[in-house]
Amino acid sequence: MIRRLLILTILLAIGLAHAKQITIKRVRSYLREGPGSFYEVITELPVGESYEIQETVGRWVKIASNDQVGFVSERAGTEAKGRNAINDLGSDVPSIQVSRHGMSAGAKGFSGRVSKLHGGSVKGVQAILDYKINLTKYGNFALRGKNDYHIVSQRKPSIPPSDAPEFFSFKEEIVGFTLAASVMEKYGVVENDIWMNYINCLGNYVASNSEGYDREFRFFILDIPEANAYAFPGGVILITKGLLQLLDNEAELAVVLGHEIAHVNRFHGLMEMEKRKHHINAENAFSELDEEVPDAYDEHAKEIEAELEEDLLSIYETLVEGRLDQYEQEADQLAMIYAARSGYDPIALGLVLQRLQGASCNNEHMRSEIVGKRVEWFNASKDKFSRIRGVQMNRERFMEKKLQAGW
């Protein structure tokens, strides 16, 4: 009996030791300075390496790699499927060092063409790349959220599965950042630290309760009176001052941002790029170009840019001019789930939609008939969310921000 207990104890110890390890099974698995996608990247972890887990914080685990201590997403320990599977990516996956060169080179190439078409520039792309969330303010925001909010049900609502890719290619990020910059320069942005900190804290808090919790998100405010919002590949989300002025509380802002986060997480508007996978090879060419001739371009580079221009225009029309009608219902559903998982009342979506019906908007996917269809879906579906409804609207903090900004 004693011997059997000893064997069981040893087996249990081995099992526990194994359970406290994570083996990296995905490319682009980053070790970050903290447990969140907005923390700085320390290094990229090689596929196949195993690490001892020192601590678990939410869906992040703390490990040490070559004397560098940081956090990696738990998803890094599960195999990716579909387009992001390792055997599907092959040599088209550059290292993090090369990817930064590729992003820079791609921005240079794209911005020249976009500036002629829609007013983008390298400066605008760089502003997006350089933006960093205020970690202190986010920490205080998230802590307050945990203390103040709760959900009526005993467990968080589950997120429906998806066949969408799990991360963007570098080319797609270049496209997204460049197009977002062009919209920002076309309309102008609100340079208000209070609101920039606020929407980035709230947006990242909601994103942390989505399936894209380990994806980087950046939020900016467009300085126009029309009510609208945009989502771009790579996690750039723009919301207009007019839409913010239309809202009445934090729960409403949470579902609005959640709607755009859903567009990013589900790759809405980018599905057609799957038909052009051969263009992804241009990423490595961008990388090589920036390393060899960072300030000049040869004929090969011009060919790469010309090849991608068609994609650029197509994606601009899809994301900015509005051809996302078929995705609005899914984004609304996910927005309510994200909001509920974050402790907000998802029924706030209905109040937002009611106001949008009579609001002035500046693109097609916000037109009244589409919003009307969204209202119909909401009215038919809202009872399903009654058991997961949060109890928090938090009008006080939202109105405080409006008063501070003079809105």
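About the cut-offs
Residues numbered from 1 in each chain as written. Predicted model: local features only at pLDDT ≥ 70, side-chain atom pairs only at ≥ 80, totals over all residues. Heavy atoms only, no water. Helix = DSSP H or I, 4+ residues; strand = E, 2+ residues; numbered from the N terminus. Buried < 20%, exposed > 50% of the residue type's maximum accessible area, 1.4 Å probe, protein only. Contact = heavy atoms within 4.5 Å. Areas by Shrake-Rupley, 256 points an atom, 1.4 Å probe, with all protein chains shown as cover. Pairing = 2+ DSSP bridges. Axes fitted to C-alpha atoms, helices over the stretch in contact; angles between N-to-C directions. Parallel < 35°, antiparallel > 145°, perpendicular 65-115°, else oblique. Left-handed = near helix turned anticlockwise from the far one by under 90°. Nonpolar A, V, L, I, M, F, W, Y, C, P; charged D, E, K, R; others polar. Arc of directions from axis to C-beta. Polar contact = N/O pair within 3.5 Å; in protein donor to acceptor, adjacent residues only side chain to side chain. pLDDT = per-residue confidence, 0-100. Core = buried A, V, L, I, M, F, W, Y, C linked by side-chain atoms within 4.5 Å. Phe/Tyr/Trp six-rings, centres within 6.5 Å; stacked < 30°, edge-to-face > 60°. Lys NZ or Arg CZ within 6 Å of the ring centre and 35° of its normal. Salt bridge = Lys/Arg side-chain N within 4 Å of Asp/Glu carboxyl O.

Visitor: So what's going on with the overall build of the protein? Which residues, and what values?
Guide: In terms of helices and strands, the protein carries 15 helices and ten strands. In the protein, which comprises 407 residues, the proportion classed as buried is 53%. Contacts in the protein between residues at least 24 apart in sequence constitute 77% of all its contacts with a sequence separation of at least 6. Total accessible area on the protein stands at roughly 18,700 Å², and carbon and sulfur atoms take up 50% of it.

Visitor: Quick one: what's the story with the sheet that holds strand β9 (residues 229-232), residue by residue and with numbers?
Guide: An order of β8-β10-β9 is seen for the three strands of this open sheet, with the pairing classed as mixed. A single partner strand is all that each edge strand has here, and the edge strands are β8 (218-222) and β9. With direction set aside, neighbouring strand axes in the sheet form an average angle of 15°. Two elements, β8 and strand β10 (residues 236-240), share five bridges in a ladder whose sense is parallel. By the bridge assignment for β10, Arg218 is matched with Val236. Against the sheet, helix α7 (residues 193-207) touches β8 and β10, its axis set at about 135° to β8. Across the face of the sheet, helix α9 (residues 250-265) comes into contact with β8, β9 and β10 while running at roughly 145° to β10.

Visitor: Let's hear about the packing of helix α12 (residues 328-341) against helix α14 (residues 368-381): which residues, and what values?
Guide: Here α12 crosses α14 at 50°, and the two axes come no closer than 10 Å. Between α12 and α14, the crossing angle belongs to the class labelled oblique. Read as a crossing pair, α12 and α14 show a hand that is right-handed. Between α12 and α14, the contacting residues are Glu328, Gln329, Asp332, Gln333 and Met336 on the first element and Ile370, Arg374, Trp377 and Phe378 on the second. Taken together, the residues of the contact of α12 with α14 sort by class into four nonpolar, two polar and three charged.

Visitor: I'd like a description of helix α15 (residues 395-405), backed by residues and values.
Guide: Note on helix geometry: an α-helix contains 3.6 residues per turn, so any two residues three or four positions apart are oriented the same way. Taken residue by residue, α15 has Arg397, Phe398, Lys401, Lys402 and Ala405 as its buried positions. End-on view of α15: buried residues confined to an arc of 140°, all on one side of the axis. Along α15, the residues that are exposed and aim more than 90 degrees away from the buried face are Glu396 and Leu403. Two or three places before Arg397, at the start of α15, stands the capping residue Asn394, its side-chain oxygen 3.2 Å from that residue's backbone nitrogen. Where α15 terminates, the next one or two residues include Gly406, which has phi positive at roughly 75°.

Visitor: Lay out the confidence of the model for the protein in plain terms, naming residues and giving numbers.
Guide: Close reading of the predicted structure is inappropriate where its pLDDT is low. The pLDDT averaged across the protein works out to 77; a share of 65% of its residues lies at or above 70. In the model, residues 88-104 has pLDDT below 50 throughout and makes 38 contacts with residues more than four positions away in sequence or in other chains.

Visitor: Describe the nonpolar core, naming the residues involved and giving the relevant values.
Guide: Membership of the largest hydrophobic core comes to 57 residues, with the highest contact counts inside it found for Trp195, Leu202, Ile239, Leu243, Leu253, Ile261 and Tyr344. Looking at which element gives the most residues to this core, the answer is α9, with nine residues. Ranked by size, the runner-up nonpolar core spans 18 residues in total, among them Val125, Met184, Leu222 and Val236.

Visitor: With reference to specific residues and values, describe the environment of Asp223.
Guide: Inspection of the secondary structure puts Asp223 in the loop between β8 and β9. Once the C-alpha coordinates of Asp223 and Tyr187 are considered, the two residues, 36 residues apart in sequence, prove to be 6.3 Å apart.

Visitor: An account of the packing of aromatic side chains is needed here, citing residue identities and associated values.
Guide: Going through the model one piece at a time under the given rule, you end up with 13 aromatic pairs. Taking 5.6 Å as the distance between ring centres and 65° as the angle between the ring planes, the aromatic pair formed by Tyr131 and Phe220 counts as edge-to-face. With Tyr131 in the loop between α4 (122-130) and α5 (135-148) and Phe220 in strand β8, this residue pair connects regions lying 89 residues apart in the sequence. Classification of Tyr131 by relative accessible area gives buried; the value is 18%. Ring centres of Phe168 and Phe267 lie 4.0 Å apart, and the angle between their planes is 15°; this geometry places the pair in the stacked category. Placement of the pair is Phe168 in the loop between α5 and α6 (170-187) and Phe267 in the loop between α9 and α10 (282-292), with a sequence separation of 99 residues. Judged by its relative accessible area of 3%, Phe168 is buried. An aromatic cluster is present here, built from Phe141, Trp195, Tyr198, Tyr205, Phe398 and Trp407 joined pairwise through their rings. For Lys401, the ring lying beneath its charged end belongs to Tyr198, and the centroid distance is 5.6 Å.

Visitor: How would you explain the packing of α7 against α9 if you had to name every residue and give the values?
Guide: Packing of α7 against α9 brings their axes to within 9 Å, and their N-to-C directions diverge by 65°. Accordingly, the angle class assigned to the pair α7 and α9 is roughly perpendicular. Handedness of the crossing formed by α7 with α9: right-handed. Between α7, through Trp195, Tyr198, Ile199, Leu202, Gly203, Val206 and Ala207, and α9, the contact on the second element is made entirely by Glu250, Leu253, Ala254, Leu257, Gly258 and Ile261.

Visitor: Can you break down the pattern of salt bridges residue by residue, with the values?
Guide: Within the structure shown, the criterion is met by 13 salt bridges. With a shortest N-O distance of 2.7 Å, Arg355 and Glu252 are connected by a salt bridge. Of the two residues, Arg355 sits in helix α13 (residues 348-356) while Glu252 sits in helix α9, which places them 103 residues apart along the sequence. For Glu252, a relative accessible area of 0% corresponds to the buried category. Several salt bridges converge on common partners, so that one network encompasses Arg32, Glu216 and Arg218.

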